[in-house]
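Close look at the chain arrangement
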Amino acid sequence: MPAPSGDHWSALLAGTCLALVLGGCATSGVPLPDERSARAAVAEAVQRQDCVGADEAMEALDEHFSGAETATRQRLETARVCIGADEPARARRHTEALVSGDTTFAQQDDAHYLHALAGHGMWKQRHRAASSRSELLADVEAAREAVEDFAVLVARFPESRYRDEVLPYLVELHEGLARSELRIARLDLEQGQYQRAAARAQYVAEYYPRTGSVADARSVEEAALSRAATEVDNEIAVVDRGTGSSMSPGVDASVPPVAEPAPIRRAPVEPAATDTRTAPAVRTAPAQTEPEPAERPAIAGTASDGRDWIHAQPRNAFTIQILGLAREQGVREFLARHPLERGTAWFRTERNGSDWFVAIAGSYPNAEAARGALASLPAEVRRNQPWIRSFGSVQDAMRGE
């Protein structure tokens, strides 16, 4: 038999390489793992309490066997190990895949609990380092998201064994929220933003009454109001020296001068934006004339009733979100117990792949007017920490109904 020519050798070599690749061999000679080996790698890393190793093994499992049945148990174990290793961001990636999907599995409350713990851990890492105003605002938002994650766990799984474990985390988050809000108020005070500092400090004292920051918040509020009043006195003194009169130019001389400066109207903490959730819902003095809603709907008996009214509002108008629950009946009962003078409605949206029911109150032309109205809400309603949002964001959240 004649020896193969050079061309024959090349063809034979190419065919062999193709067969090796199709057979699961890379050019490096390292075999691709089979699914059983990939799962075993995750289990071994979890047993060693090796967060990084388990995380990388899970990534390999996802990459090479994306069509395989979801390794729910391994994903939960990986998340638990990473939370214990103070690697909450790695844990959050795995829990996110479980709580945001439509798949139903037996350990769903485990997934939501670990998801909330991971969010709490990420907030805690950020909380330690936050110092600038922007970092503190981001810290506040992260804490609120963590609080909501725990609230979803309790609402969706009222019989979960984790229910009793939630309270200490909520207490810590509320303490952290109060501290960060107070630090922002102090920064505002140092920068001469006295009205803004007073409004935020007042918010801390009113909405976090059981935290250790209340006394300091009252002190900051008093200091800010005092300095703001001093500024007003100084301005009056400048006018006196410049005009020889105790009245500002253009004031009718027949009107007697006031003995004290006019009370300070607390300004909004943050400038109006398309959605003001990143800034806290600060209690402000009501506007002199509170604008009426564009139309005053009755409490919506069905989701469609609320939808029709909401879609009729301008996208650049604002409303107050007063409640969010996982149960439709809970929202109905809340609105029945707390009828408001302003119009109320509720709508259905989605949160973490599940129904979420939201109640809103009023329609206002701008964020400042909405803040003024928020201050007049009953204490029972304000206890839920209502916040201001644009109708555009509400209408977007309702899409798909």
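Residues numbered from 1 in each chain as written. Predicted model: local features only at pLDDT ≥ 70, side-chain atom pairs only at ≥ 80, totals over all residues. Heavy atoms only, no water.

**Thoughts on the packing of helix α3 (residues 51-64) against helix α5 (residues 88-99)**
For the pair α3 and α5, the least separation of the axes is 10 Å and the interaxial angle reads 30 degrees. Once α3 is placed against α5, the crossing between them reads as left-handed. Residues C51, V52, D55, M58 and E59 of α3 lie in contact with α5, whose contacting residues are R90, R93 and H94. For the contact of α3 with α5, the residue count by class is three nonpolar, one polar and four charged. (Axes fitted to C-alpha atoms, helices over the stretch in contact; angles between N-to-C directions. Helix = DSSP H or I, 4+ residues; strand = E, 2+ residues; numbered from the N terminus. Left-handed = near helix turned anticlockwise from the far one by under 90°. Contact = heavy atoms within 4.5 Å. Nonpolar A, V, L, I, M, F, W, Y, C, P; charged D, E, K, R; others polar.)

**Comments concerning the packing of helix α2 (residues 35-47) against helix α4 (residues 72-84)**
With their axes 10 Å apart at the nearest point, α2 and α4 run at an angle of 30 degrees to one another. Of the possible angle classes, the one that applies to α2 and α4 is roughly parallel. In the crossing of α2 with α4, the sense of the turn from one axis to the other is left-handed. On the side of α2, the interface is formed by R39, V42 and V46, while α4 contributes Q74, E77, T78 and V81. In the contact of α2 with α4, the residues fall into three nonpolar, two polar and two charged. (Parallel < 35°, antiparallel > 145°, perpendicular 65-115°, else oblique.)

**Description of the packing of aromatic side chains**
Throughout the structure, instances matching the rule amount to six aromatic pairs. Note on Y113 and Y162: the rings are 4.1 Å apart at their centroids and 10 degrees apart in plane angle, and the pair reads as stacked. Of the two residues, Y113 sits in helix α6 (residues 108-129) while Y162 sits in the loop between α7 (133-156) and α8 (166-190), which places them 49 residues apart along the sequence. Accessibility assignment for this pair places Y113 and Y162 in one class, buried. Put simply, the rings of Y203, Y207 and Y208 pair up and form one aromatic cluster. (Phe/Tyr/Trp six-rings, centres within 6.5 Å; stacked < 30°, edge-to-face > 60°. Buried < 20%, exposed > 50% of the residue type's maximum accessible area, 1.4 Å probe, protein only.)

**Describing the sheet that holds strand β2 (residues 344-351)**
Strand order in the open sheet formed by four strands is β2-β3-β1-β4, with antiparallel pairing between adjacent strands. Each end of this open sheet is capped by a strand with a single partner; those strands are β2 and β4 (387-390). Averaged over neighbouring strand pairs, the angle between their axes works out to 40 degrees when direction is ignored. Of the strands in this sheet, β1 (318-325), β2 and β3 (354-364) are in contact with helix α12 (residues 328-337), which crosses β1 at around 125 degrees. (Pairing = 2+ DSSP bridges.)

**Details of the state of the cysteines**
Going through the model one piece at a time under the given rule, you end up with one disulfide. Two residues share a disulfide in this structure: C51 and C82, whose sulfurs sit 2.2 Å from each other. Residues C51 and C82 are joined by a disulfide whose S-S torsion is about 100 degrees; by sign, that bridge is right-handed. Here C51 is found in helix α3, whereas its partner C82 is found in helix α4, with 31 residues between them in sequence. A relative accessible area of 4% means that C51 is categorised as buried. (Disulfide = S-S within 2.5 Å.)

**Thoughts on the confidence of the model for the protein chain**
Per-chain confidence: the protein chain averages 74 in pLDDT, with 70% of residues scoring 70 or above. Per-element averaging of pLDDT across the protein chain places helix α1 (residues 6-22) at the bottom with 41 and α8 at the top with 92. Contacts for the low-pLDDT stretch residues 243-304, under 50 throughout, to residues beyond four places or in other chains number 132 contacts. (pLDDT = per-residue confidence, 0-100.)

**Structural notes on α4**
For α4, with 13 residues, the first-to-last C-alpha span of 19 Å sits near the 18 Å given by 1.5 Å per residue. The set of residues buried in α4 consists of T72, Q74, R75, L76, T78, A79, V81 and C82. For α4, the secondary structure elements touched by its buried residues are α2, α3, α5 and α6. Downstream of α4 by a residue or two, D86 has a phi angle that is positive, lying close to 60 degrees. (Expected span 1.5 Å × (residues − 1).)

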